[in-house]
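Here is what each chain is made of, one letter per residue.
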Amino acid sequence: MSAINFHTKEISVKIVFYGPGLCGKTTSLHTIYASLPEHKRPQLVSLATEGDRTIFFDFLPVTAYRIKDFNVRLQLYTVPGQVFYNATRKLVLNGVDGIVFVADSQRLMRDSNTESLANLHENLAELGLELSQVPMVMQYNKRDLPEIDTVEAMETIYNPRRVPAFPTVATNGTGVFEALKSISQQVVNDLLRKGLGRQILQATEPPAANEPDGFAALGAVTQTPPHAKASAAPAGLWPPAVAAIGQRIDDARGQGRWNDMVLAIEELVTREARRTLTTGGEGDAKADMTPMLILQRNIPYARFAALTRAVQGAKLGRQVTQGEAMSALCVALELFW
């Protein structure tokens, strides 16, 4: 259940990754966690069970997730996949605001997926909830493996409700951030529908005369359409002024084109440096202002140096590694977080 902290102006929401054992729940969360800038990473809590794990962390994403002037903090949980730990599953589900169901795309996992989905229905019912009442997205994971079901077949088998669905490869992040974007948007909109926005407005200021319920001032996040393409950028990750470059970064990341990703990041960082530090003179506009921006934003120089090496390697035709590209992404993210 969401919680409001009026002192810090934060709303905490709980999102649970649910699915059978070894389907990619934990990998999805680790991928999200690894994408966060190192000095802003929260503590990652891992509760190990025999042969399985439940992990948890929460983080404050970019300020595009807002209800009025409140930031939305995402608390992300996984549940243990094995049925043996069903009591833990129910405990983790208690107070859930949104669910990401991670289904294993391998044909031999059909029974496990179906069993886990049925178990989700049962556990929610014991908590007094119906699955149709809870915001949800589907992750059809392990799309990079052989012997997998088509997305269309998985939609027929697992998604009669037709919630947004995303083909994913949790090991490299393909589709994972898009699924997180979608469930975050659904949860925020669901909170608004349930009157959370009205509660905040009543506690902070009276509604405007022409906005009797205050909802026009809140600006609910636009709903992601079902079956959105996995190339969509995470909501609010890039400001509108650099959205086009951000889209190129996200497309390259999703497709594993690390050289293209690093070069797009360089373009984004250079543009931001010129936008914020130049005085409008032609000489300034042509100067490399990036080192000054890195210093001003307190970004570790070692990370900037790693970005520079990766960019130089990409320009010389060297194959940039995924680790180098993700390290470069952290530099770009820190400019806007």
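Remember, it's a predicted structure, so these values are computed and weren't measured experimentally.

Caption draft 1: Broad picture of the overall build of the protein. Counting secondary structure elements, the protein contains 13 helices and 9 strands. Across the 337 residues in the protein, those meeting the buried criterion constitute 50%. Carbon together with sulfur atoms contributes 54% to the accessible area of the protein, which is approximately 15600 Å² in total.

Caption draft 2: Geometry of helix H2 (residues 86-93). Looking at H2, one finds that the buried residues are Asn 86, Arg 89, Val 92 and Leu 93. Mapping the buried residues of H2 onto a view down its axis gives an arc of 120°, with all of them on the same face. Those residues of H2 that are exposed and aimed more than 90 degrees away from the buried face are Ala 87 and Leu 91. With its phi angle positive at about 80°, Gly 95 sits one or two positions after the end of H2.

Caption draft 3: Layout of the packing of helix H1 (residues 25-34) against helix H5 (residues 176-193). H5 packs onto H1 with a crossing angle of 90° between their chain directions and a minimal axis gap of 10 Å. Overall, the two elements H1 and H5 adopt an arrangement that is roughly perpendicular. Contact residues: H1 offers Ser 28, Thr 31 and Ile 32, while H5 offers Val 176, Phe 177 and Leu 180. A breakdown of the residues in the contact of H1 with H5 according to their chemical character gives 4 nonpolar, 2 polar and no charged.

Caption draft 4: Structural view of the confidence of the model for the protein. In this model, the protein carries a mean pLDDT of 77, and residues with pLDDT of at least 70 account for 73%. Mean pLDDT across the elements of the protein bottoms out in helix H7 (residues 215-218) (28) and peaks in strand S8 (residues 136-141) (98). The model gives residues 57-64 a pLDDT under 50, and that stretch makes 39 contacts with residues more than four places away or in other chains. A low-confidence stretch, residues 279-286 stays under pLDDT 50, and its non-local contacts, those more than four residues away or across chains, total 6 contacts.

Caption draft 5: Region of the structure containing unusual backbone geometry. Positive phi is not limited to glycine here, since Lys 142 has a value of about 65°. Positive phi, close to 55°, is recorded for Arg 162, a residue that is not glycine. Examined against the element boundaries, Arg 162 turns out to sit in the loop between helix H4 (151-158) and strand S9 (165-167). The class for Arg 162 is partly exposed, based on a relative accessible area of 39%.

Caption draft 6: The arrangement of the packing of aromatic side chains in detail. Under the criterion given, the structure shown has 0 aromatic pairs. The ring centre of Tyr 77 lies 4.7 Å from the NZ or CZ of Lys 14, which sits over that ring.

Caption draft 7: Here's a closer look at H5. With 18 residues, H5 extends 26 Å between its outermost C-alpha atoms, agreeing within 8% with the 26 Å of an ideal straight helix rising 1.5 Å per residue. In terms of residue burial, H5 counts as a mostly covered element, since 17 of its 18 residues are buried.

Caption draft 8: Quick peek at the side chain of Gln 106. Tracing the backbone through its elements, the reader meets Gln 106 in the loop between strand S7 (98-104) and helix H3 (110-126). For Gln 106, the residues in contact, after removing those within four places along its chain, are Lys 142, Leu 145, Glu 147 and Ile 148.

Caption draft 9: A look at the environment of Phe 101. Relative to the helices and strands, Phe 101 is located in strand S7. Note: C-alpha distance between Phe 101 and Val 16 (85 residues apart in sequence) is 8.3 Å. Other than its neighbours up to four places away in sequence, Phe 101 contacts Tyr 18, Gly 19, Pro 20, Asn 113, Ser 116, Leu 117, Leu 120, Met 136, Val 137, Met 138 and Gln 139.

Caption draft 10: Spotlight on the pattern of salt bridges. For the structure shown, the criterion picks out 15 salt bridges. The shortest N-O distance in the salt bridge between Glu 324 and Arg 318 comes to 3.3 Å. Given a relative accessible area of 35%, Arg 318 falls into the partly exposed group. The structure contains a network of salt bridges with shared partners spanning Arg 107, Arg 110, Glu 147 and Asp 149.

Caption draft 11: Structural detail: the pairing of S7. Among the 7 residues that make up S7, 7 are buried, leaving the element largely enclosed by the rest of the structure. Every second residue of S7 is oriented toward a common face, with Gly 98, Val 100, Val 102 and Asp 104 on one face and Ile 99, Phe 101 and Ala 103 on the other, all of them buried. With 4 bridges joining them, strand S2 (residues 10-18) and S7 adopt parallel strand pairing. Across the sheet, residue Val 16 finds its bridge partner in S7, namely Ile 99. In this view, the connection linking S7 to its parallel neighbour S8 by way of H3 has right-handed handedness.

Caption draft 12: Layout of the pairing of S8. Most of S8 sits inside the fold, with 6 of its 6 residues counted as buried. Side chains Met 136, Met 138 and Tyr 140 project from S8 onto one buried face, and the interleaved Val 137, Gln 139 and Asn 141 project onto a second face that is buried too. As paired strands, S7 and S8 are joined by 6 bridges and run parallel to one another. In the strand pairing of S8, Val 102 is matched with Gln 139.

Caption draft 13: A look at the nonpolar core. Counting 29 residues, the largest nonpolar core has Trp 238, Ile 249, Met 261, Ile 265, Leu 268 and Leu 329 as the members making the most contacts within it. Elements with a contribution of two residues or more to this core: helix H8 (243-255), helix H9 (258-277), helix H11 (290-296), helix H12 (301-315) and helix H13 (322-334). A per-element tally of this core places H9 first, with 8 residues. Ile 15, Cys 23, Phe 166 and Val 187 belong to the second-largest nonpolar core, a separate cluster that totals 27 residues.

Rules behind the numbers
Residues numbered from 1 in each chain as written. Predicted model: local features only at pLDDT ≥ 70, side-chain atom pairs only at ≥ 80, totals over all residues. Heavy atoms only, no water. Helix = DSSP H or I, 4+ residues; strand = E, 2+ residues; numbered from the N terminus. Buried < 20%, exposed > 50% of the residue type's maximum accessible area, 1.4 Å probe, protein only. Areas by Shrake-Rupley, 256 points an atom, 1.4 Å probe, with all protein chains shown as cover. Arc of directions from axis to C-beta. Axes fitted to C-alpha atoms, helices over the stretch in contact; angles between N-to-C directions. Parallel < 35°, antiparallel > 145°, perpendicular 65-115°, else oblique. Contact = heavy atoms within 4.5 Å. Nonpolar A, V, L, I, M, F, W, Y, C, P; charged D, E, K, R; others polar. pLDDT = per-residue confidence, 0-100. Phe/Tyr/Trp six-rings, centres within 6.5 Å; stacked < 30°, edge-to-face > 60°. Lys NZ or Arg CZ within 6 Å of the ring centre and 35° of its normal. Expected span 1.5 Å × (residues − 1). Salt bridge = Lys/Arg side-chain N within 4 Å of Asp/Glu carboxyl O. Pairing = 2+ DSSP bridges. Right-handed = clockwise from strand over helix to strand, strands pointing away. Core = buried A, V, L, I, M, F, W, Y, C linked by side-chain atoms within 4.5 Å.

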